[in-house]
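Chains, contacts and geometry: an overview
Listed below, chain by chain, are the residues.
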Amino acid sequence: MLPSTNAPRRRVLALLIGALAIASLALTTAVAQADLAEEQVLRYATDGRQFPPLDPSLGANNISFPVQNMVFDSLVRFPPGSPRLDAIEPALAESWEASENGRVWTFRLRQGVQFHRGYGELTSADVAFSLERAKGEASVVAGSYRNIAAIETPDPYTVVVRLAEPDAFFLTGVANKYGGWIVSQAALEDMGQDAYSLRPVGSGPFMVEDVVPGEVLHLVRHDGYWRGQPIIERIEYLLMPDLTARTLALINGEVDVIRGAVSPEWSATVTNAGMNLGFSAPGQFILMFNMELEPFDDVRVRQAFAYAIGRDAVMAFYGDTAIPMYTNVPPYVMGALSAEELPEPLRYERDVERARALLAEAGFPNGLEIDALASENPDYNNPLQIWKELWADAGIIVNYTAVDHPTYHARIRSEPHTLIPYGGVKAPHPNDWLGDWYTSQGGLNFSHYGQVDADGDGTVDSIDEYVAAARATLDPEAQQAAWTAAQLQLLEDMPTFPSHVVKIAFALRPEVDLGYELASTVVDGVEIWETTRLLSR
Amino acid sequence: MTFFVRKAIGIVPMVLVLVTVVFFLLRLVPGGPAIAVLGDRATPDSIAAFEARWGLDRPLLVQYADYMAGLARLDFGRSFIDGSSVRESLARAVPHSILLMLAATAVSLVLGITVGVLAALRRGTWTDGASRAFALFGFSIPDFYLGVVLILLFSLQLGWLPMRGAGDWDDTADLALRLIMPALALGLPTAAVVMRIARASMLEVLPSDYLRTARAKGLSPRVVSFKHALRNALIPVVSVVGLNMGLILGNTIVLEIVFSRPGIGRLLIGSIFNRDFAVLQSTLVVYAVCIALINLLTDLAYGVVNPAIRYE
């Protein structure tokens, strides 16, 4: 047999290929590293003048949410940049299951998740502790957790939550917001409430290093984060209440991310300066009619007010920073009816003649005049000023007194008022939007729907049954049927006029690579995760 | 000295009256801290729990007695919003506000006196005209607007100066850099006032007999103007400076927001919006004491500059 002369050549070839592979891998890595800024320090400026308590049971507003999302983990999470309930993904819980009746939820926890600052492994005891606190009396988010009847922890990595009533949407309560964020029981007991609220301990990608009250909160990365070490090393979370100052600081490069404004002009200013925009899960803006007060105890008057204003004028004012809302469930939420799905009369397009006719039928042939309270907050005041002019065309005179926002909220809770403009952000499923504002037990039901006769037929009108039915079933079709019925009934009875959804804009410097697309967000801010990084300028 | 001791002691009852009035007035305003903290999700249960936690459900007089007892121990309470110690917050904020006030006052004095004296010495010339135009500009322009213009010019366009924050006390150079624009924005408007006073005062002093004598003795114009005339011309300027310092201190509120600087102005604004009683009461007290002390120091300085003044 002749000796093979190919063997040495094949070895050399193999070696060459191997060397080339290693070299290209090294080169790719080097290129990727070269893209990164040398200093991975992110500066995030938001409005607000003081940090609220960062304990998820005590602090729940647009200033605390972005930080809480960095510091804490939850059993499940909404995909970064998206509030879609149907895309919820595992987080601390690797898997979960619900009983057929939606009353018992069992979560299997990921093992080895570590709390910050050496407070040990996150176990089922911490989850139970957190959820119990969330439903406690002192909790600002208790309303969303009252349905929890019992929490069992058969072993360190299993949590069983038993609900009093079925809740097909229970997952939103254990996602990354409100009481879904899991606190360290050991840290809280060790530090005490006040210290913990200032410098909380969680298991999220970043941990609070220190805080200068009213000025800045410093976070550093949690090297032991279970999804992987974050690329960003430090975050400075700054309070800069003046929008002009925030915008100039962003353009000047002194900050990297800012909370912006609901303003097409502002959006144009920052995009013209080369910045990128992202939008938060929008808030809803509605006008409630107090049906316990005349003349709003008459459905014809409420409908007249609605027909007199429509939505076009407000949309013209907001431009791209708002979208019209035709039902009491925002259009981006699953289960919401679109305008096309509604019968024409229930779309409440502006119709001054129809408004006048309804007023005349209700006993106001010459129009009417009422007093109302308003907030100085531009998000509340701007639509009201527009509506005031539109109402005047239908013979409706509204004399409103503007007060500062905290005073407004205090007074509408303590005094009866005729018209109550209201805005808010809720979980992305219809039951949360319908619950607080329209059910008979809703804590923010200023129209008193579900407590009075809304349509004049002598019986109390309510959507409680629809909300309960949707919660009690896991069948999407049955849920949709319940939500459809609720939305149509609310539009017929018009306890509130659903006006628009406001998009809160955030601006980011072009070097900020979030690691995901910011189409929307549930945390009312920009989510900073372990994939977020700063590219070189 | 007795006069000043008496005046200093008189600050105490003034502060007590102020604290009492503010304490009760705040609690009469609707929209307490619970709503500000809890926001749109505030429900009756969570409001009640908040008020119980902070003792706001107790009788007003009990709350007042508790607060005054704390004040006697120099315990200013805790913020409703973030639970931080008000004393510690003030300890951080006050030095920054005082520093900004002093820097702005220095700008006001140096610029105002220099331009005013030059205008008087070159009366009727283009220098005088330019100085008066400067005064008009200074009177007219709001300091917060000037602040934004300075940011646009020196930060965005030229990139020379940082536009936010106060820097670290350990880094003097950074501290100074971050002080330039806010001090200019605050100092320029009041410099206009100083300039007008200095000019008028100088014009009044220059024809005096003693200065004619000094010139006749052969002293140079520079010595006559700056050694003999200026000293007397500055007497009215001293009283204006005291007023200006109080004005500047009050105006730091807005500039601290524009330049995102820590300070008592920023604390004050935040506490108003958030109904953070403890912080609000304490910052108002600090302001009142500062203004009172400024007035006292102005009286002292006036007596030093003008030996003819004797306080009884």
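Keep in mind that this is a model prediction, so the values were computed, not measured.

A word on the overall build of chain B. The helix and strand inventory of chain B stands at twelve helices and zero strands. Counting from the amino terminus, chain B carries its helices and strands in the arrangement α-α-α-α-α-α-α-α-α-α-α-α. Taken along its principal axes, the extent of the C-alpha atoms in chain B is 85 × 55 × 35 Å. In chain B, buried positions account for 40% of the 312 residues. For chain B, the proportion of contacts with a sequence separation of at least 24, taken over those separated by at least 6, is 73%.

Tallying secondary structure elements over chain A gives 16 helices and 21 strands in all. Relative to the globule expectation of 24 Å for 537 residues, the C-alpha radius of gyration of chain A, 27 Å, shows essentially globular dimensions. Taking the principal axes of its C-alpha atoms as reference, chain A extends roughly 110 × 60 × 55 Å. A buried classification covers 49% of the 537 residues belonging to chain A. Taking the intrachain contacts of chain A between residues at least 6 apart in sequence as the baseline, contacts between residues at least 24 apart amount to 72%.

Okay, the sheet that holds strand β19 (residues 505-508) of chain A next. All names here are of chain A. Pairing is mixed in the open sheet, where seven strands are placed in the order β8-β9-β10-β1-β11-β19-β12. Strands with a single pairing partner mark the edges of an open sheet, and in this sheet they are β8 (206-212) and β12 (276-279). Recorded for the sheet is a direction-independent mean angle of 20 degrees between the axes of neighbouring strands. The pairing of strand β1 (residues 41-46) with strand β10 (residues 234-239) spans six bridges and is classified as parallel. Residue pairing across strands places Tyr44 opposite Tyr237, the latter belonging to β10. Lying on the sheet, helix α7 (residues 243-251) is in contact with β1, β11 (257-259) and β19; it crosses β11 at an angle near 160 degrees.

Our focus in this paragraph is the confidence of the model for chain A. Looking at chain A, pLDDT values average 90 and 93% of them are 70 or higher. Throughout residues 1-5 of chain A the model reports pLDDT below 50, and contacts reaching past four residues in sequence, or to other chains, amount to zero contacts.

Turning next to the interface of chain A and chain B. Every contact between the two is made by 36 residues of chain A and, on the other side, 42 residues of chain B. Among the elements of the structure, α6 (193-198), α7 and α13 (405-414) of chain A are those that each provide at least two residues to the side of chain A that touches chain B. In the side of chain A that touches chain B, the residues fall into 18 nonpolar, eleven polar and seven charged.

The next thing to look at is the environment of Asn251 of chain B. Residue and element names in this part refer to chain B. In this structure, Asn251 sits in helix α10 (residues 221-258). What makes Asn251 buried here is the crowd of 22 C-beta atoms within 10 Å. Considered as a pair, Asn251 and Ala8 are 243 residues apart in the sequence and their alpha carbons are 24 Å apart. Filtering out sequence-adjacent residues up to four positions away, Asn251 remains in contact with Asp143 and Leu186.

Our next topic: the environment of Thr269 of chain A. Residue and element names in this part refer to chain A. Within the secondary structure layout, Thr269 lies in helix α8 (residues 264-272). Of the residues examined, Thr269 has 16 C-beta atoms within 10 Å and is grouped as partly exposed. Separated by 22 residues in sequence, Thr269 and Thr247 have C-alpha atoms that sit 9.0 Å apart.

A word on the packing of helix α6 (residues 126-140) of chain B against helix α8 (residues 172-205) of chain B. Residues and elements named next belong to chain B. Orientation of α6 relative to α8, taken along the N-to-C sense of each, is 140 degrees, at an axis distance of 7 Å. If you check the angle between α6 and α8, you find them oblique. Crossing of α6 against α8: the hand is left-handed. From α6, Ser131, Phe134, Ala135, Gly138 and Phe139 reach across to α8, where they touch Leu188, Pro189, Ala191, Ala192, Met195, Arg196 and Arg199. Looking at the contact of α6 with α8 residue by residue, the classes come out as eight nonpolar, two polar and two charged.

Moving on: the sheet that holds strand β17 (residues 419-424) of chain A. Residue and element names in this part refer to chain A. Overall, antiparallel pairing links the four strands, which are arranged β14-β18-β13-β17 in an open sheet. Edge strands, defined here as strands with exactly one partner in the open sheet, are β14 (322-324) and β17. Averaged over neighbouring strand pairs, the angle between their axes works out to 25 degrees when direction is ignored. Note that β14 and strand β18 (residues 496-502) share three bridges and pair antiparallel. Across the sheet, residue Pro324 finds its bridge partner in β18, namely His500. Helix-sheet contacts for helix α12 (residues 378-393) involve β13 (283-289), β17 and β18, and the interaxial angle to β17 is about 135 degrees.

Residues and elements named next belong to chain A. Pairing geometry for β8 and strand β9 (residues 216-221), over six bridges, is antiparallel. Looking across to β9, one finds that Val211 is bridged to Leu217. Following β8, the chain reverses through three residues before pairing antiparallel with β9; Gly214 in that reversal takes a positive phi of roughly 80 degrees.

Residue and element names in this part refer to chain B. Two elements in contact, helix α5 (residues 86-121) and α6, have axes whose closest approach is 8 Å; the angle formed by their N-to-C orientations is 145 degrees. In this structure, the crossing between α5 and α6 has a hand that is left-handed. Contacts between α5 and α6 involve Val115, Leu118 and Ala119 from the first element and Thr127, Asp128, Ser131, Arg132 and Phe134 from the second. Classifying every residue of the contact of α5 with α6 gives four nonpolar, two polar and two charged.

On to the nonpolar core. Judged by nonpolar contacts, the single largest core of 215 residues is most densely connected at Ile235, Val257, Ala304, Phe305 and Ala308 of chain A together with Val194 and Ala198 of chain B. The leading source of residues in this core is α8 of chain B, at 16 residues. Ignoring sequence-local partners within four residues, the contact set of Val194 of chain B consists of Ser108, Leu109, Gly112, Ile113, Gly116, Val237, Val240 and Asn244 of chain B.

Residue and element names in this part refer to chain A. Extensive coverage of helix α3 (residues 124-134) is indicated by the burial of eight of its eleven residues. Every buried residue of α3 is accounted for by Ser124, Asp126, Val127, Phe129, Ser130, Leu131, Arg133 and Ala134. For α3, the secondary structure elements touched by its buried residues are β5 (104-109), β6 (148-155), β7 (158-163) and α5 (185-191).

Moving on, we get to α6 of chain B. Residues and elements named next belong to chain B. The terminal C-alpha atoms of α6 lie 21 Å apart, and with 15 residues this matches the ideal 21 Å at 1.5 Å per residue to within 8%. Here α6 has its buried residues at Ser131, Ala135 and Gly138. On an axial view of α6, the arc spanned by its buried residues comes to 65 degrees, and they lie on one face. Exposed residues on α6 whose side chains face more than 90 degrees from its buried face are Trp126, Gly129, Ala133, Leu136 and Ser140. Next to the buried residues of α6 lie α5 and α8.

Sheet topology places β9 of chain A next to β10 of chain A; five bridges connect them, and they run antiparallel. Each residue of the ladder has a partner; that of Val216 of chain A, found in β10 of chain A, is Leu238 of chain A.

The subject of this paragraph is the confidence of the model for chain B. Residues and elements named next belong to chain B. Taken over all residues, the pLDDT of chain B has a mean of 86, while the share at 70 or more is 95%. Of all the helices and strands in chain B, helix α2 (residues 33-38) carries the lowest mean pLDDT, 76, while helix α7 (residues 143-157) carries the highest, 94. The ipTM assigned to the predicted complex is 0.84, against a pTM of 0.85.

Quick notes on the rules
Residue indices begin from 1 for each chain and proceed along its sequence in written order. Chain labels run from A onward and ligand labels from 1 onward, assigned in the order the entries are written. With pLDDT at 70 or above as the cut-off, local features in this predicted model cover only qualifying residues; side-chain atom pairs require 80 or more to be listed or tallied, and sums for whole chains, interfaces and linings still use all residues. Secondary structure follows DSSP: runs of H or I at least 4 residues long count as helices, runs of E at least 2 residues long count as strands, and numbering of each begins at the N terminus. Neighbour density around each residue's C-beta defines its exposure: 20 or more other C-beta atoms within 10 Å make it buried, 12 or fewer make it exposed, and counts between make it partly exposed, where C-beta atoms are placed from the backbone. Residues are scored as being in contact if the C-beta atoms we place from backbone atoms lie within 7 Å. Note on method: radius of gyration uses C-alpha positions; expected globular size equals 2.2 Å times residues raised to 0.38. At least two bridges found by DSSP between two strands is the condition for calling them paired. Only C-alpha atoms enter the line fits that serve as axes; for helices the fit covers just the stretch in contact. Angles between N-to-C directions range over 0 to 180 degrees. What pLDDT reports is the predictor's confidence in each residue, on a scale of 0 through 100. In this classification, Asp, Glu, Lys and Arg are treated as charged, Ala, Val, Leu, Ile, Met, Phe, Trp, Tyr, Cys and Pro as nonpolar, and every other residue, Gly included, as polar. In these notes the angle categories are as follows: under 35 degrees is roughly parallel, over 145 is roughly antiparallel, 65 to 115 is roughly perpendicular, and the rest is oblique. Crossing chirality is assigned from the near helix's rotation relative to the far helix, an anticlockwise turn below a right angle marking it left-handed and a clockwise turn marking it right-handed. Only buried residues count toward a nonpolar core: Ala, Val, Leu, Ile, Met, Phe, Trp, Tyr and Cys, linked into one set through C-beta atoms within 7 Å. To estimate the expected span of a helix, subtract one from its residue number and multiply by 1.5 Å. Summarising the geometry, the arc corresponds to the directions from the helix axis toward the C-beta atoms.

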